[in-house]
Amino acid sequence: KTHDNVLGVIESLFVDAVETAFPGLQERLNFRVEVSRTKPPKFGDYQCTSSMAIFTALKGTPNAPGSPRDVANAIVAAMPTNPVLEKLSVAGPGFINAFLTAPFVMSRLELLLRDGVKASPVKKMRVVIDFSSPNTAKDMHVGHLRSTIIGESMSRILEFQGHDVRRINHVGDWGTQFGMLITHLTDAFPTWKEEMPDITDLTQLYKNAKQRFDEDEAFHKRSKDGVVKLQAGDPESLEAWKILCEVSRKEYQKVYDRLDVRLEEMGESFYNPIIPRVIEMVEAQGITEDSDGAKVVFTKKYKQPFMLIKSDGSYLYDTTDIAALWYRLHEIKADWIIIYTDYTQQDHFGLLFEVGEMAKILDPTKHRVNHIGFGTVNDESGKRFKTRSGETVRLVDLLDESRARMKATLLERIAAGQTSLPEAEIDRAAELIGYGAVKYFDLMRSPQSNYVFNYDKMLSTNGNTAVYLMFAYARLSSIVRKSGVDVEALATKQSGVLQIVDPNEAALAVELLQFQDVLVFINKELATNWLCTYLYALSEKVQVFVTQCRVLGSPEQNSRLLLCQATLKIMHTCFTLLGITPLDQI
Ligand code: ARG
């Protein structure tokens, strides 16, 4: 009667059976029993695949089993009668297949209906997730979309499991670009000190500044001096810098609000005061070298050095990141850090973590650190996704477009009488589905892979899309709604109403039980896309169930309503963890 992940429960049953059949073997060989889902499902729900490995390990020893099948039979014989597994059988070269018992499946579903969706218990960790992290005064583009969406989803997934998550926005607010930005700002808005300049288009300001920087020598020189002044703490420069950050922050916040993303800003500038101290710590380990006046660290794994201080005495991206690493592990006291950026920064973070260890800032026996370098978003020809005029696609435009297209689809459905969605709810529905589609299209593949951006595929009502999944959810909701039964009251009563009889019910039920396993897997592999894979697989089972098993007005109505309700709960949780808000009616 717990929310332990099912795969873990089954694994431990097999571990015990292997121990009984072959005492001491697992410890001696430091061997892990392998359990997975059975394919095809008619042979079972779960499968243990360890017989072959055990056979190989025992070959040539006294009383060695004659074949992997003998091993499998010995394990089956050693498995005591238990409330979880039944009908064990040996297949092929020695696979052990087993079915979940109906009482086990039903008790887990009853638990789900009573307590709501729960993750299996974990050891609580403090996790810093560094994501989104755009650069001040530059537009957030489709590249930052990935970091923002995946980081948000990972935060939700870990928070759901009870971890203490700090969502950190490592805004690029302290780079050399500020020299030209500040110089241009003070030129273009001479009254900037009296009234807040009305910079509606920060990107334009950036472009203009850049153009002058490249073309106007005097401006170039003033900009370079500007950086030095800012970094030296000149009050006027700081004032102008603050204005630029504030304008930029407001723009980003609009995107975060639209995407329902929550972040805590702790940008590059935040670490400035602690940099000298952290540099001292690194130097104290005797690992720094002088390279043409620059202070660097060479590591074993990388050719290029980690740049601690530039030859002109200034700090760099590397410097800020080692300071941030120290701060996160020793001030925030994070047990785990996950950083999302594009894949080009792979080496930077590889180096950072190695230097962190050399400097005794990072202790791999205590701290877990991950950098996820996500792939690029491309167009049909495989090039980076750009606007028609060749500019990077602004995130806000992309969201507008998706929402507008979804609205058109919904209007068509209304005109064709395919939905009873009230007119007044169209805009909200178009927004939730439109944004959900953008997010899902990104989240559904492994974070590291590239993908081709395509509105038509993204917004298709068929196949593995948010639109399809949200429709499936709404359809199931409407069945429950139309029944007129107070399903929530039925769910908490627990009077043995739920009975899994039909094989299509069973297939759906077993799928529902996988939820905790998916989370465990994501913790290990950071593959947020598995939640999408799961949600889609679940929806396919739902589809078969609703076409094969009549719910409303059938003798099994109430039991089936409970199965629908359990499914809605799991689906709702999956959507929420993906950052998508499902609708009860579309
Ligand atoms: N601002 C950087 C970019 O736009 C990402 C920063 C990621 N985080 C970090 N700690 N370096 O690529």
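Draft legend 1. Expanded view of the packing of helix α15 (residues 426–443) against helix α17 (residues 466–483). One way to put it is that α15 packs onto α17 with a least axis distance of 8 Å and a crossing angle of 125 degrees. Our classification of the angle between α15 and α17 gives oblique. Facing L432, I433, G436, A437 and Y440 of α15, the residues of α17 in contact are A466, V467, L469 and M470. Taken together, the residues that form the contact of α15 with α17 break down as eight nonpolar, one polar and no charged.

Draft legend 2. Structural context of the sheet that holds strand β5 (residues 126–130). Taken in spatial order, the five strands line up as β7-β6-β5-β11-β12 in an open sheet, and their pairing is parallel. At either margin of the open sheet sits one strand with a lone partner, and together these are β7 (264–265) and β12 (368–374). Where β5 meets strand β11 (residues 336–342), four bridges bridge the pair, whose relative direction is parallel. Among the inter-strand pairings, V128 is bridged to a residue of β11, identified as I337. Running over the sheet, helix α12 (residues 317–331) touches β5, β6 (164–169) and β11 and is turned about 150 degrees from β11. The sheet strands contacting helix α13 (residues 346–358) are β11 and β12, and the helix crosses β12 at an angle near 170 degrees.

Draft legend 3. Spotlight on the pattern of salt bridges. Enumeration over the complete set of coordinates arrives at 31 salt bridges. The salt bridge partner of E283 is K295, with a shortest N-O separation of 2.5 Å. Of this pair, E283 sits in helix α11 (residues 275–284) while K295 sits in strand β9 (residues 294–297), and the two are twelve residues apart along the sequence. Among the residues examined, E283 registers a relative accessible area of 28% and is labelled partly exposed. Through salt bridges that share partners, E152, R156, E159, R167, D260 and R262 make up one connected network.

Draft legend 4. Structural detail: the state of the cysteines. Counted according to the given criterion, the structure contains zero disulfides. Not part of a disulfide, C564 finds its nearest cysteine sulfur in C549, a span of 9.6 Å.

Draft legend 5. Layout of the pairing of β9. Pairing geometry for strand β8 (residues 288–291) and β9, over four bridges, is antiparallel. What sits directly across from S291, in β9, is A294. Remark: two residues form the turn of the hairpin made by β8 and β9, two consecutive strands paired antiparallel; D292 in that turn has positive phi of roughly 50 degrees. Here β9 runs beside strand β10 (residues 306–309); their pairing, made up of three bridges, is antiparallel. Bridge pairing links V297 to F306 in β10.

Draft legend 6. Expanded view of the site of the ligand. The environment of the ligand is made up of D130, S133, N135, H144, H170, Y317, D321, T341, Q345 and F349. Within the contact set of the ligand, a nitrogen atom lies 2.8 Å away from a side-chain nitrogen or oxygen of D130. Note that a nitrogen atom of the ligand is positioned 2.9 Å from one of the backbone N or O atoms of S133. Within the complex, the protein chains bury 92% of what would otherwise be the 350 Å² of accessible surface of the ligand. Its residues assigned to classes, the shell around the ligand comprises two nonpolar, six polar and two charged.

Draft legend 7. Summary view of helix α10 (residues 235–259). Along its 25 residues, α10 runs 36 Å from first to last C-alpha, staying within 8% of the 36 Å computed at 1.5 Å per residue. Among all positions in α10, only S237, A240, W241, I243, L244, C245, V247, S248, Y252, V255, Y256 and L259 are buried. The first or second residue beyond α10 is D260, which carries a positive phi of 60 degrees.

Draft legend 8. Here's a closer look at helix α8 (residues 202–215). Over its 14 residues, α8 runs 20 Å from end to end, which matches the ideal 20 Å to within 8%, given 1.5 Å per residue. Among the residues making up α8, those that are buried are L202, T203, L205, Y206 and A209. Considered in projection along α8, the buried side chains sweep an arc of 155 degrees and stay on one side of the axis. Exposed residues lying more than 90 degrees from the buried face of α8 are D214 and E215.

Draft legend 9. Fine view of the packing of aromatic side chains. According to the stated counting rule, one finds 13 aromatic pairs in the structure shown. Relative to Y451, the ring of F441 has its centre 5.6 Å away and its plane inclined at 85 degrees; by these criteria the two rings are edge-to-face. Here Y451 lies in strand β14 (residues 451–452) and F441 lies in helix α15, a separation of ten residues in the sequence. Among the residues examined, Y451 registers a relative accessible area of 3% and is labelled buried. Ring-pair connections join several aromatic residues into one group, and the members of that group are F160, F515 and Y534.

Draft legend 10. Region of the structure containing the packing of helix α19 (residues 503–512) against helix α21 (residues 529–548). Running from N to C, α19 and α21 point in directions that differ by 160 degrees, and their axes come no closer than 9 Å. Viewed along their axes, α19 and α21 adopt a mutual orientation that is roughly antiparallel. In this structure, α19 meets α21 at a crossing whose hand is left-handed. Mapping the contact onto sequence places N504, E505, A507, L508, E511 and L512 in α19 and Y534, A537, L538, K541, V542, V544, F545 and Q548 in α21. Taken together, the residues that form the contact of α19 with α21 break down as nine nonpolar, two polar and three charged.

Draft legend 11. Focus on the sheet that holds β10. Across the sheet, three strands lie side by side as β8-β9-β10; this open sheet has antiparallel pairing. One side of each edge strand has no neighbouring strand; the edge strands of this open sheet are β8 and β10. Strand-to-strand twist in this sheet, taken as the mean axis angle between neighbours without regard to direction, amounts to 40 degrees. Where α11 meets the sheet, it contacts β8, β9 and β10, and its direction lies at approximately 120 degrees from that of β10.

Draft legend 12. Main features of the confidence of the model for the protein chain. Mean pLDDT over the protein chain stands at 94; residues scoring 70 or higher make up 100%. At the level of chain-chain contacts, confidence expressed as ipTM amounts to 0.99, with global pTM at 0.95.

Draft legend 13. Geometry of the nonpolar core. F14, L100, L109, I338, L398 and L531 are the most contacted members of the largest nonpolar core, which totals 132 residues. Ignoring anything within four residues of it in the chain, the contact list for I338 reads V127, V128, I129, D130, M154, L158, N370, I372 and L526. Formed by 34 residues, the second largest nonpolar core is a distinct cluster that contains I168, I274, L308 and A324.

Calculation criteria
- Residues numbered from 1 in each chain as written.
- Predicted model: local features only at pLDDT ≥ 70, side-chain atom pairs only at ≥ 80, totals over all residues.
- Heavy atoms only, no water.
- Axes fitted to C-alpha atoms, helices over the stretch in contact; angles between N-to-C directions.
- Helix = DSSP H or I, 4+ residues; strand = E, 2+ residues; numbered from the N terminus.
- Parallel < 35°, antiparallel > 145°, perpendicular 65-115°, else oblique.
- Contact = heavy atoms within 4.5 Å.
- Nonpolar A, V, L, I, M, F, W, Y, C, P; charged D, E, K, R; others polar.
- Pairing = 2+ DSSP bridges.
- Salt bridge = Lys/Arg side-chain N within 4 Å of Asp/Glu carboxyl O.
- Buried < 20%, exposed > 50% of the residue type's maximum accessible area, 1.4 Å probe, protein only.
- Disulfide = S-S within 2.5 Å.
- Near = heavy atom within 4 Å.
- Polar contact = N/O pair within 3.5 Å; in protein donor to acceptor, adjacent residues only side chain to side chain.
- Areas by Shrake-Rupley, 256 points an atom, 1.4 Å probe, with all protein chains shown as cover.
- Expected span 1.5 Å × (residues − 1).
- Arc of directions from axis to C-beta.
- Phe/Tyr/Trp six-rings, centres within 6.5 Å; stacked < 30°, edge-to-face > 60°.
- Left-handed = near helix turned anticlockwise from the far one by under 90°.
- pLDDT = per-residue confidence, 0-100.
- Core = buried A, V, L, I, M, F, W, Y, C linked by side-chain atoms within 4.5 Å.

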